Amino acid sequence: MIELTARQLQIIDIVQKNAPISGEQIAESLHLSKPTIRSDLSLLVMLDYINAKPKVGYFPGGKASSDLRNGYLLQNSKVKDIQGMPIIIREITTIQDAVVTLFLQDVGTLFVCDDDGKLAGVASRKDFLKVTLGNPGAASMPVSMVMTRQPKVVTVFPEDTVLDAAQKMILHEVDSLPVVVPANEEESGARLTVVGRLTKTSILKLLLDKENH
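Residues numbered from 1 in each chain as written. Predicted model: local features only at pLDDT ≥ 70, side-chain atom pairs only at ≥ 80, totals over all residues. Heavy atoms only, no water.

Going by the annotation in an unreviewed UniProt entry, the name recorded for the protein chain is Transcriptional repressor CcpN, with Paenibacillus macerans given as the source organism.

Shown next as structure tokens:
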């Protein structure tokens, strides 16, 4: 499989957004001359990423696939554009109350904050399952006993790209991430305020919404 260069990917993007478009206009968009990009255009036509029609210009080809479009979409979308409301509990919340919250809110992960509202950890269905199986006393234990503690929690910032966030989810095998911002500059340590929640479902919805428009 031929790996496309950054310039060739740019050309595909320009054609997708502006078709029909002439070779001169593509070159102008890239601040280059047409002879400079002639070989790129020929290769992309040959590989069916773009099509050329005489006297009309260039159009997206059959291989200007959803994979490419999705890659651009994830790279150009910010976490803040698709984040949802975070479901937050306190460190002293009992496991029983946390599990009830988990099911009432229909989420897989709860974000745990301290008394100041700063991120202290996360607790997932798997965490609760591990501690409650065969342990009748687990229900009254505080969530702080089972949560993954900050700073081991994987987080994203509102300005991060959705692509970066998706890669973090895959790498760390998690279904959701807390969206955070740094706490007041005056405070010591890497304290974070939770402002949102990013899930695999919200990323999938972004892709599907794009396909349907």
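Moving on, there is more to tell.
**With respect to the domain arrangement of the protein chain**
Taken domain by domain, the protein chain comprises domain 1 (6-66) and domain 2 (79-212). Between the C-alpha centres of domain 1 and domain 2 there is a distance of 43 Å. (Domains from an automatic or database assignment.)

**Looking at helix H8 (residues 162-172)**
Since there are 3.6 residues in each turn of an α-helix, residues three or four apart along the chain are aligned in direction. Where H8 is concerned, the buried positions are Val 162, Ala 165, Ala 166 and Met 169. Projected down its long axis, H8 shows its buried positions confined to an angular sector of 100 degrees, all on one face. Count one or two residues on from H8 and you reach Glu 173, which has phi positive near 55 degrees. (Buried < 20%, exposed > 50% of the residue type's maximum accessible area, 1.4 Å probe, protein only. Helix = DSSP H or I, 4+ residues; strand = E, 2+ residues; numbered from the N terminus. Arc of directions from axis to C-beta.)

**With respect to the UniProt feature "domain: CBS" (unreviewed entry) in the protein chain**
Annotation from UniProt places "domain: CBS" (unreviewed entry) at residues 82-140 and 147-213. Helix makes up 34% of residues 82-140 and strand makes up 24%, while its end C-alpha atoms are separated by 35 Å. (UniProt positions renumbered as here; feature names shortened; annotations may be inferred.)

**Some points on the packing of aromatic side chains**
This structure, assessed with the given rule, holds 0 aromatic pairs. In this arrangement the basic side chain of Lys 53 is found over the ring face of Phe 59, its NZ or CZ atom lying 4.7 Å from the centre. (Phe/Tyr/Trp six-rings, centres within 6.5 Å; stacked < 30°, edge-to-face > 60°. Lys NZ or Arg CZ within 6 Å of the ring centre and 35° of its normal.)

**A word on the environment of Ala 98**
Secondary-structure assignment places Ala 98 in helix H6 (residues 95-105). What makes Ala 98 buried here is its relative accessible area of 0%. Along the primary structure Ala 98 and Pro 86 are separated by 12 residues, whereas in three dimensions their C-alpha atoms are 14 Å apart.

**Focus: the sheet that holds strand E5 (residues 119-124)**
Strand pairing within a sheet occurs via backbone hydrogen bonds; the two strands may be parallel or antiparallel. Ordered by their spatial adjacency, 4 strands build an open sheet running E3-E4-E5-E6, and the pairing between neighbours is mixed. Strands at the two margins of the open sheet, each flanked by one partner only, are strand E3 (88-90) and strand E6 (148-149). Where E5 meets E6, 2 bridges bridge the pair, whose relative direction is antiparallel. Within E6, the residue paired with Gly 121 across the bridge is Arg 149. The strands that helix H7 (residues 125-132) touches are strand E4 (109-113), E5 and E6; relative to E5, the one it contacts most, it runs at about 70 degrees. (Pairing = 2+ DSSP bridges. Contact = heavy atoms within 4.5 Å. Axes fitted to C-alpha atoms, helices over the stretch in contact; angles between N-to-C directions.)

**Some details on the packing of helix H1 (residues 6-18) against helix H3 (residues 34-46)**
Between H1 and H3, the least distance of the axes is 10 Å, while the angle of their chain directions is 70 degrees. Between H1 and H3, the angle is such that the two are roughly perpendicular. Together, Arg 7, Gln 8, Ile 11 and Ile 12 of H1 and Thr 36, Ile 37, Asp 40, Leu 41, Leu 43 and Leu 44 of H3 make up the contact between the two elements. Split by residue class, the contact of H1 with H3 holds 6 nonpolar, 2 polar and 2 charged. (Parallel < 35°, antiparallel > 145°, perpendicular 65-115°, else oblique. Nonpolar A, V, L, I, M, F, W, Y, C, P; charged D, E, K, R; others polar.)

**What about the environment of Lys 126?**
Tracing the backbone shows Lys 126 in helix H7. Take Lys 126: its relative accessible area is 60%, and that puts it in the exposed class. Between the C-alpha atoms of Lys 126 and Asn 18, which are 108 residues apart in sequence, the distance is 48 Å.

**Let's talk about H6**
Listing the buried residues of H6 in full gives Ile 95, Ala 98 and Leu 102. Buried positions in H6, seen along its axis, are confined to an arc of 60 degrees and lie on one side of it. More than 90 degrees from the buried face of H6, the exposed residues found are Phe 103 and Leu 104. The elements touched by buried residues of H6 are E3, E4 and H7. Asp 106 sits one or two residues past H6 and shows a positive phi near 55 degrees.

**Things to note about the pairing of E5**
Most of E5 sits inside the fold, with 6 of its 6 residues counted as buried. The turn joining E4 and E5, which pair antiparallel and follow one another in sequence, is formed by 5 residues; a positive phi near 80 degrees is taken by Gly 117.

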